[in-house]
Structures are given as C-alpha cells and as structure tokens.
Amino acid sequence: MEDSQIIQLYWNRDQAAIPATSQKYGNYCLSIAQNILGNSQDAEECVNDTFLNAWNTIPPHRPNMLSSFLGKITRNLSFNRYKYNHAEKRGNGEIHCVLDELAECVSDTDDVEQEIDRRELVKEINIFLESLPSVKRDIFVGRYWYADGVQALAKRFKMTDNNVSVLLNRTRKQLKTHLSERGFEL
C-alpha cells in the first residue's frame, strides 16, 4: 500500500491504518528501537507506541514522508525509554557512546534549544551531510540516527572497525568545524 493511501486511512480514522503501517514499516521501526534499546520487549512497546502516536497526530498533521515521520517518533520514544531505564545507572550500551561522541559537536544549551536556533542548526547539519560523499554520510547517519554499532557498520560497508571509527571521528571534527564557522556555540 502506498504511503498516501495509509495516510488517508489515518485521516479517515479507519482502524486499518495501524495494520497497514505495521505491515509496511513495522520492521523499520523495530530496527530503530532495537538499536537504541537493545531489548526486544522494550523495542516492541516503542513500536506500538509509535503507531498510537501516529494515530493521535494524523490528523491534524499530514506527514510528507511517512517513513521519516514514523522513524522520528520511534527514535524519540526509544531515547525516552532508554533514559527512563537508565535513570539511576550508567549502562554500557551503544547509546551512551553515540551521545557522548556527538556531545562535542552539538551542545545542549538553552540557546540551541530555542526554536529558531534549532531550525538553523538542523539546516546546517543537513547542508553538512549533503556535502559528504554518500558512504561517509550513510555511515554517519547509521551511527548517529539509527544508533548502529561500529561493528555492524564496518560489516555493512566492508571496512574494518578501526576504519569506521576513524571515519566517524574525522566526520565529527568536520561537523564541529562546519558549525563553529557558522557561529554555533559548541
């Protein structure tokens, strides 16, 4: 079923929207949640919550890209669940590594959190990503959007773990420089 048809089901408040969404994007959302949480049960709950959130936000919102819309909801719910699960302890999961690695590029200050500054930051990150060769961009997005592990990325792109780590480190430094040159406080 096409995305536009699925979205129309939501707009019509037709309950067939949920199974249609699950059939087309269930594995995609589960993969995102599983990478972040590392726990099948929590990941499945986040995916179910994703579908509920989609039901509650469509309408009034009409997403242009259903996959990105669902991916963003899943990612946010998964991070929230991860924070909840690790509120009092610092675990050894990938997420801490991912967030720590990006912390040097993008700060979490009140200035950046303001909506206009946030939009400008997103715009600049997208410009930066578009300037990268496709393999570099895919590895960077795989690591920092989908929270893929270094080993999984190395295997997927037929590289060594060390090559992927070095590429990610250099790309983060390039992003930091790119943002710094455009006036973002890091």
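Here the structure is a predicted model, which is why all the values come from computation and not from measurement.

**Student:** How would you explain the overall build of the protein if you had to name every residue and give the values?
**Tutor:** Check the secondary structure of the protein and you find 10 helices and 0 strands. The order of α-helices and β-strands along the protein, N terminus first, is α-α-α-α-α-α-α-α-α-α. Burial analysis of the protein (186 residues in total) assigns 37% to the buried set. Element-wise, carbon and sulfur atoms account for 48% of the exposed surface of the protein, whose accessible area totals about 11,200 Å².

**Student:** Summarise the packing of helix 2 (residues 17–37) against helix 4 (residues 66–85); cite the residues concerned and give the values.
**Tutor:** Their axes nearest at 9 Å, the elements helix 2 and helix 4 cross at an angle of 35 degrees. When you trace helix 2 past helix 4, the crossing you get is right-handed. Counting all contacts with helix 2, which are made through Thr 21, Tyr 25, Tyr 28, Cys 29, Ile 32, Ala 33, Ile 36 and Leu 37, the residues of helix 4 involved are Leu 66, Ser 67, Leu 70, Gly 71, Thr 74, Arg 75, Ser 78, Phe 79, Arg 81 and Tyr 82. Tallied by class, the residues present in the contact of helix 2 with helix 4 amount to 11 nonpolar, 5 polar and 2 charged.

**Student:** Give a detailed account of the environment of Ser 78, specifying residues and quantitative values.
**Tutor:** Examined against the element boundaries, Ser 78 turns out to sit in helix 4. With residues up to four places along the chain from it excluded, the contact list for Ser 78 reads Ala 33, Ile 36, Leu 37 and Cys 46. At 2.7 Å, the side chain of Ser 78 forms a polar contact with the backbone oxygen of Thr 74.

**Student:** Describe helix 4, listing the residues and the values that go with them.
**Tutor:** An α-helical segment advances 3.6 residues per turn. Residues three or four places apart therefore align on the same side. Its 20 residues give helix 4 an end-to-end C-alpha distance of 28 Å, which sits within 8% of 28 Å, the value for a rise of 1.5 Å per residue. Buried within helix 4 we find Leu 66, Ser 67, Phe 69, Leu 70, Gly 71, Ile 73, Thr 74, Arg 75, Leu 77, Ser 78, Phe 79 and Tyr 82.

**Student:** Can you tell me about the side chain of Thr 21, naming the residues and giving the values?
**Tutor:** Considering the arrangement of structural elements, one finds Thr 21 in helix 2. At a separation of 2.8 Å, a polar atom in the side chain of Thr 21 contacts the side chain of Tyr 10. Contacts of Thr 21, omitting those with residues within four sequence positions, involve Ile 6, Tyr 10, Gly 26, Phe 51 and Leu 70.

**Student:** Tell me about the nonpolar core, residues and numbers included.
**Tutor:** By size, the foremost hydrophobic cluster in this structure holds 27 residues, and its most contacted members are Tyr 10, Ile 36, Ile 58, Leu 66, Phe 69 and Leu 70. Per element, the largest residue contribution to this core is 8 residues, and it comes from helix 2. Those residues in contact with Leu 70 that sit more than four places away from it in its chain are Thr 21, Tyr 25, Cys 29, Thr 50 and Ala 54. In this structure, Leu 121, Leu 132, Ile 139 and Ala 154 belong to the second largest nonpolar core, which totals 16 residues.

**Student:** Describe the side chain of Ser 67, and please don't skip the residues or the numbers.
**Tutor:** Along the chain, the position of Ser 67 falls in helix 4. When near neighbours in sequence (up to four residues on either side) are disregarded, Ser 67 contacts Asp 3, Tyr 25 and Tyr 28.

**Student:** Residues and numbers for the packing of aromatic side chains, please.
**Tutor:** Under the counting rule described, the total for this entry stands at 5 aromatic pairs. When the centroid spacing of 6.5 Å and the interplanar angle of 70 degrees are considered together, the rings of Phe 128 and Phe 140 count as edge-to-face. Residue Phe 128 is found in helix 7 (residues 115–131), and its partner Phe 140 is found in helix 8 (residues 134–144); the two are separated by 12 residues along the sequence. On the basis of relative accessible area, Phe 140 is assigned to the buried category, the value being 5%. Chaining the aromatic ring pairs together yields one cluster made of Tyr 25, Tyr 28 and Tyr 146.

**Student:** Run through the pattern of salt bridges, naming residues and quoting values.
**Tutor:** Tallied over the full model, the rule gives 6 salt bridges. In this structure, Glu 45 engages Arg 81 in a salt bridge whose closest nitrogen and oxygen atoms are separated by 3.1 Å. Of this pair, Glu 45 sits in helix 3 (residues 40–57) while Arg 81 sits in helix 4, and the two are 36 residues apart along the sequence. Salt-bridge contacts for Asp 148 lead to Arg 156; the nearest nitrogen and oxygen are separated by 3.0 Å. Judged by relative accessible area, which is 46%, Arg 156 ranks as partly exposed.

Cut-off values and rules
Residues numbered from 1 in each chain as written. Predicted model: local features only at pLDDT ≥ 70, side-chain atom pairs only at ≥ 80, totals over all residues. Heavy atoms only, no water. Helix = DSSP H or I, 4+ residues; strand = E, 2+ residues; numbered from the N terminus. Buried < 20%, exposed > 50% of the residue type's maximum accessible area, 1.4 Å probe, protein only. Areas by Shrake-Rupley, 256 points an atom, 1.4 Å probe, with all protein chains shown as cover. Axes fitted to C-alpha atoms, helices over the stretch in contact; angles between N-to-C directions. Left-handed = near helix turned anticlockwise from the far one by under 90°. Contact = heavy atoms within 4.5 Å. Nonpolar A, V, L, I, M, F, W, Y, C, P; charged D, E, K, R; others polar. Polar contact = N/O pair within 3.5 Å; in protein donor to acceptor, adjacent residues only side chain to side chain. Expected span 1.5 Å × (residues − 1). Core = buried A, V, L, I, M, F, W, Y, C linked by side-chain atoms within 4.5 Å. Phe/Tyr/Trp six-rings, centres within 6.5 Å; stacked < 30°, edge-to-face > 60°. Salt bridge = Lys/Arg side-chain N within 4 Å of Asp/Glu carboxyl O.

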